[in-house]
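# Structural features, examined
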Amino acid sequence: MNFYLLDLLGKWISLAFITICPTIGKEKTSTLENENLNLRRDTSVVATVTEYTTITKNDPTLEEGKTKIETKGVNGLVYDIEGSDITIQEMTPEVVLKGTKKAKTTTNNTKPTPVTPQRVEVYDNLTMEELTKKLDKNLKSTLTGTGKYYAKYAIEYGVDPYLALAISLHETGCSYSCSSLVQNKNNVGGMMGSNGALSFSTIEEGIRKFILNIKKNYYDHGLTTAEAMNPKYAASTTWAQRVNKYMETIRAS
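In this text the structure is predicted, and so the values were computed from the model without any measurement.

## Describing the packing of aromatic side chains
All told, the structure shown has four aromatic pairs when counted by the stated rule. Consider the rings of Tyr218 and Tyr233, whose centres lie 5.5 Å apart with planes at 40 degrees: the pair is tilted. Here the residue Tyr218 occupies a position in the loop between helix H6 (203-217) and helix H7 (226-233), and Tyr233 occupies one in helix H7, the gap between them amounting to 15 residues. As far as the burial class goes, Tyr218 and Tyr233 line up, both buried. Ring centres 4.9 Å apart and planes at 20 degrees place the aromatic pair Tyr233 and Trp239 in the stacked group. Accessibility assignment for this pair places Tyr233 and Trp239 in one class, buried. Through a chain of ring-to-ring contacts, three or more aromatic side chains come together here, namely Tyr218, Tyr233 and Trp239.

Here it is as structure tokens:
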């Protein structure tokens, strides 16, 4: 047998085993490349694998939250052969870039679609604002600009605002010049008590009590028109006719 070939075969098997075994499962397999080593079969060989480290670097060109591998890490491999270290593969750290670039904020320049306010009609196909303006057209003297109170309390108490204002104009003459009852007592409906004409602290309070009186003493008893109210409200048999005339004027204004 050729002992020289047998010796070479033994060396090759030993080197292959030493080289492959320590790196099984690692990212890269290295081979011992030194054909001039004169190894004996009983040579003491220790392989040391150094796992690569990871270095993180900030990258201002990469968007925040993203990462990118700049350099792939490689494990190091060193053989200790009878006290002598032979480096087969230098350890290469893995370099990971971490994004620090702020994402651009998208500005929405789209103009919002204007919202059309919902139309709320309260009486005679009119909104509260429209009703107030209509009533104001018929108010003069001390009651100028008080249409908002007639509209507010008439709707609140369920009374016809045209009827309430018509009675008030007939009783006070405020379509031209208000009576002394309005000017001195804020009494807008000719309301009487046991001691004579009633007095109120403000015009608004006088209007509120006047419309509340119509609700309690007339509407709540089914008397909701000038004709139905006439016998109870006034001694004059033409009272309803005159009130209706004012209502026509208010409705047409």
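Anyway, onward from the coordinates.
## Quick word on the pattern of salt bridges
When charged atoms on two side chains of opposite charge get close, those side chains can pair. Overall, the coordinates contain nine salt bridges when judged by the stated rule. Glu129 is paired through a salt bridge with Lys133; the nearest N and O atoms lie 3.6 Å apart. In this pair, Glu129 and Lys133 are both assigned in helix H2 (residues 128-136), four residues apart and thus about one turn of the helix distant. Here the two residues Glu129 and Lys133 agree in accessibility, since each one is exposed.

## Some points on H2
Listed as buried for H2 are Leu131, Thr132, Lys134 and Leu135. All buried residues of H2 lie within an arc of 165 degrees about the axis, which places them on one face of the element. Facing away from the buried side of H2 by over 90 degrees, the exposed positions are Glu129 and Lys133. Packed against the buried residues of H2 are strand E7 (121-123), strand E8 (126-127), helix H3 (147-157), helix H4 (161-172) and helix H8 (239-252).

## Section: the state of the cysteines
In total, this model carries one disulfide according to the counting rule given. Bridging Cys174 to Cys178, the disulfide has an S-S length of 1.9 Å. Measuring handedness by torsion sign, the sulfur bridge of Cys174 and Cys178 sits at about 135 degrees and is right-handed. Comparing Cys174 with Cys178 shows no difference in burial state: the two are buried.

## Quick look at the side chain of Thr146
Along the chain, Thr146 turns up in the loop between H2 and H3. Of the polar contacts made by the side chain of Thr146, one reaches the backbone oxygen of Leu143; its length is 2.6 Å. Once residues lying within four places of it in the same chain are set aside, the contact partners of Thr146 are Asp136, Leu139, Ile203 and Ile207.

## Examining the side chain of Asn75
Here Asn75 lies in the loop between strand E3 (67-71) and strand E4 (76-81). Only 2.9 Å separates the side chain of Asn75 from the backbone nitrogen of Tyr52, close enough to count as a polar contact.

## Observations regarding the packing of H7 against H8
Packed helices, taken two at a time, are described by the angle between their axes plus the distance between the axes. Between H7 and H8, whose axes approach to 8 Å, the crossing angle comes to 135 degrees. Relative to H8, the element H7 is oriented oblique. Where H7 crosses over H8, the two elements pack in a sense that is right-handed. On H8, the residues that touch Ala226, Glu227, Met229, Asn230 and Tyr233 of H7 are Trp239, Ala240, Val243 and Asn244.

The rules behind these values
- Residues numbered from 1 in each chain as written.
- Predicted model: local features only at pLDDT ≥ 70, side-chain atom pairs only at ≥ 80, totals over all residues.
- Heavy atoms only, no water.
- Phe/Tyr/Trp six-rings, centres within 6.5 Å; stacked < 30°, edge-to-face > 60°.
- Helix = DSSP H or I, 4+ residues; strand = E, 2+ residues; numbered from the N terminus.
- Buried < 20%, exposed > 50% of the residue type's maximum accessible area, 1.4 Å probe, protein only.
- Salt bridge = Lys/Arg side-chain N within 4 Å of Asp/Glu carboxyl O.
- Arc of directions from axis to C-beta.
- Contact = heavy atoms within 4.5 Å.
- Disulfide = S-S within 2.5 Å.
- Polar contact = N/O pair within 3.5 Å; in protein donor to acceptor, adjacent residues only side chain to side chain.
- Axes fitted to C-alpha atoms, helices over the stretch in contact; angles between N-to-C directions.
- Parallel < 35°, antiparallel > 145°, perpendicular 65-115°, else oblique.
- Left-handed = near helix turned anticlockwise from the far one by under 90°.

The values reported here are purely geometric and, on their own, carry no functional implication.
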